[in-house]
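Close look at the chain arrangement
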Amino acid sequence: MEKNKYSFNTFYIFISAPNRIPPTEPLESQKEDDGEDQRGWWFSASDSTYCAQDYTDCVKGYQESLDVIKKAFEDQGPFDGVLGFSQGASMLSLICGLKEQMIENFQFDFAIFVAGFKSRQKPHTDLYNRIITIPSLHVFEMSEHLLQYFKDPKILQHKGGHFIPASGPQKNGYLEFLDNMISKKLEKNMNLR
């Protein structure tokens, strides 16, 4: 890949989940300022805990997260693409479902899921009923349960665990996908002229 192939700026907006995860240790045993501020997009149990394997009706904090995301799109969007990691990738799959079903008007052209998974919470089930057509890249180590819900998903597998890989082979996979998305955008813009 050529460096500086395109002449435009890239801006990154980071959205933090609004739901604070309660400490697992008693407050007395925690360091005074350990910098820990763990957050989640929603909880699968009413005690503000989350387990990706839970099949539940609980989506505590989901609406608050959706409101934060909507506000970010209104104030700072539209966006070319959105990346989500772990539960954030699961949340992104829900955003894609809302977009596909035209329930919400999120403006973005592609999605990247790293270590993503399907939400097993019952209130989210309908968001997976229709194949999602937005271009997507799915980055994972072992298995990716979201692939079946996307039309023509691009795949980037890696070894090493639950993290965002960025070494040579993975970097090339990201660049290839992003290069394709940039080409599509440039072509679309040329056709609008």
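Higher on the page you've got the structure.
Below is a summary of the structure that appears in this document. (Residues numbered from 1 in each chain as written. Predicted model: local features only at pLDDT ≥ 70, side-chain atom pairs only at ≥ 80, totals over all residues. Heavy atoms only, no water.)

1. Let's talk about the overall build of the protein
To keep it simple, the criterion reads: A run of H or I in DSSP becomes a helix once it reaches four residues, and a run of E becomes a strand once it reaches two; helices and strands are each numbered from the N terminus. Residue burial is assigned from relative accessible area. The probe radius is 1.4 Å, only protein chains are included, and a residue is buried under 20% of its type maximum, exposed over 50%, and partly exposed in between. Shrake-Rupley sampling with a 1.4 Å probe provides the accessible areas, and residues are treated as covered by the protein chains on show and by no other component.
When helices and strands are counted, the protein shows three helices and six strands. Along the protein, helices (α) and strands (β) appear in the sequence β-β-α-β-α-β-β-β-α when read from the amino end. Here the protein holds 193 residues, and 37% of them are scored as buried. If you sum the accessible surface of the protein, you get close to 12,400 Å²; carbon and sulfur atoms cover 51% of it.

2. What about helix α3 (residues 168-192)?
How we decide: What a helix is expected to span follows from its residue count: subtract one and scale by 1.5 Å. Only heavy atoms matter for contacts: two residues are in contact if any of them lie within 4.5 Å across the pair.
Compared with an ideal rise of 1.5 Å per residue, which puts 25 residues at 36 Å, α3 spans 36 Å between its outermost C-alpha atoms and is within 8% of the ideal. Within α3, burial applies to Q170, G173, Y174, F177, D179 and M181. In this structure, the buried side of α3 is in contact with β4 (110-114), β5 (136-140) and β6 (154-157).

3. Side note on the sheet that holds β6
Selection rule: Whether two strands pair comes down to DSSP finding at least two bridges between them. Fitted lines through C-alpha atoms give the axes, limited to the stretch in contact for helices. The angle between two N-to-C directions lies from 0 to 180 degrees.
Taken in spatial order, the four strands make up an open sheet running β3-β4-β5-β6, and their pairing is parallel. The open sheet is flanked by β3 (81-85) and β6, the only strands paired with a single partner. Each adjacent strand pair in this sheet contributes to an overall mean axis angle of 15°, direction not counted.

4. Some words on the nonpolar core
Heads up, the condition is: Buried Ala, Val, Leu, Ile, Met, Phe, Trp, Tyr and Cys residues form a nonpolar core when they are joined through side-chain atoms within 4.5 Å.
One finds Y62, M91, I95, C96 and F108 to be the most contacted residues of the largest nonpolar core, which totals 28 residues. Residue contributions to this core peak at seven residues, all from helix α2 (residues 87-100). Once residues within four sequence positions are removed from consideration, C96 is found in contact with F108, A111, F113, I132, I134 and F150. Ranked by size, the runner-up nonpolar core spans nine residues in total, among them I112, V114, L156 and M181.

5. Considering α2
The first and last C-alpha atoms of α2 sit 20 Å apart over 14 residues, in line with the 20 Å expected at 1.5 Å per residue. A positive backbone phi angle near 55° is found at M102, which sits one or two residues after α2.

6. Some thoughts on the pairing of β5
In terms of burial, β5 is a largely internal element, five of the five residues being buried. Burial of β5 is two-sided: the residues S136, H138 and F140 facing one way and the residues L137 and V139 facing the other way are all buried. Across four bridges, the pairing between β4 and β5 is parallel. Paired with F113 across the two strands is H138, which belongs to β5. Bridge count for β5 against β6 is four bridges, and the pairing is parallel.

7. Side note on the pattern of salt bridges
Worth spelling out the cut-off: Any carboxyl oxygen of Asp or Glu that lies within 4 Å of a side-chain nitrogen of Lys or Arg is treated as forming a salt bridge with it.
Within this structure, the stated rule accounts for five salt bridges. Residue D37 pairs with R39 through a salt bridge whose shortest N-O separation is 3.1 Å. Residue class for D37 comes out partly exposed when judged on its relative accessible area of 38%. Here K70 ties to E104 by a salt bridge, and the two come within 3.0 Å at their closest N and O atoms.

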